Amino acid sequence: NTAVKDLKKKREEESSRLEEEIEGLWKTLEVGEDYQKVFKEKLEATRKLKQAGKALLREEADRLWEMESNKLMEELGITVEDLEPKPTDTESKNTAIKDLEKKREEES
């Protein structure tokens, strides 16, 4: 009888210990999942900040480029119109010829 009671008691203790261990493992798993979720959120936030930083750098670089190019153009006495391509003599002649041909076709 005593041996049976001892076995039952040991079995209950072992069962209780295993339940506590399993419960601890579940808590660890839940904490791990929470950590993983937080880590993913922080990673995403970091990625978004990095993209925003790159965009700000591009905007600042564009702004500085425009300021410097405007300053240089002003120093050289150049306007934006001066920088636009001008038609060459050949292009002008070709355009004039085409205009004449269109005019002749319309008159015919």
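Throughout this document, residue positions are counted from 1 along each chain, in the order its sequence is written. Note on the predicted model: pLDDT of at least 70 is required for a residue's local features to be given, and 80 or more for side-chain atom pairs to be given and counted; whole-chain, interface and lining totals, by contrast, use all residues. The side-chain quantities take in all heavy atoms of the structure and omit both hydrogens and water.

**Q** Explanation requested: the packing of aromatic side chains in the structure shown.
**A** The description of an aromatic ring pair rests on the distance of the ring centres and on the angle between the ring planes. Planes of paired rings set the category: under 30 degrees apart is stacked, over 60 is edge-to-face and the rest tilted, where pairs are Phe, Tyr or Trp rings (Trp by its six-membered ring) whose centres lie within 6.5 Å. Counted according to the given criterion, the structure contains one aromatic pair. Between tyrosine 35 and phenylalanine 39, the aromatic rings sit 6.3 Å apart at their centres with planes inclined by 25°, giving stacked as the arrangement. Taken together, the residues tyrosine 35 and phenylalanine 39, both in helix α1 (residues 2–76) and four residues apart, mark about one turn of the helix. For tyrosine 35, a relative accessible area of 58% puts it in the exposed group. Where helices and strands are cited, they refer to DSSP runs of H or I of at least four residues and of E of at least two residues respectively, numbered from the N terminus. Per-residue accessibility, obtained with a 1.4 Å probe over protein chains only, is compared with the maximum for each type, and a residue is labelled buried under 20%, exposed over 50%, and partly exposed between these values.

**Q** Is there a simple way to think about the environment of threonine 2 in this case?
**A** Mapped onto the fold, threonine 2 is located in helix α1. On the basis of relative accessibility, which here comes to 57%, the residue threonine 2 falls in the exposed class. C-alpha separation for the pair threonine 2 and arginine 47, spaced 45 residues apart in sequence, amounts to 66 Å.

**Q** Looking at this structure, how should I read the pattern of salt bridges?
**A** Side chains that differ in sign of charge can pair as their charged atoms come close. The rule for a salt bridge is simple: a side-chain nitrogen of Lys or Arg has to be within 4 Å of a carboxyl oxygen of Asp or Glu. Using the criterion set out here, one finds five salt bridges in the structure. Here glutamate 14 makes a salt bridge to arginine 17, at a shortest N to O gap of 2.7 Å. Highlighted residues: glutamate 14 and arginine 17, both in helix α1, separated by three residues, approximately one helical turn. Measuring nitrogen to oxygen at the nearest pair gives 2.9 Å for the salt bridge that ties glutamate 21 to arginine 17. With glutamate 21 and arginine 17 both in helix α1, this residue pair falls four residues apart, about one helical turn. By relative accessible area, which is 42% here, glutamate 21 ends up partly exposed. By sharing partners, the salt bridges in this structure join Glu14, Arg17 and Glu21 into a single network.

Read these as layout, nothing more, since geometry by itself doesn't imply function.
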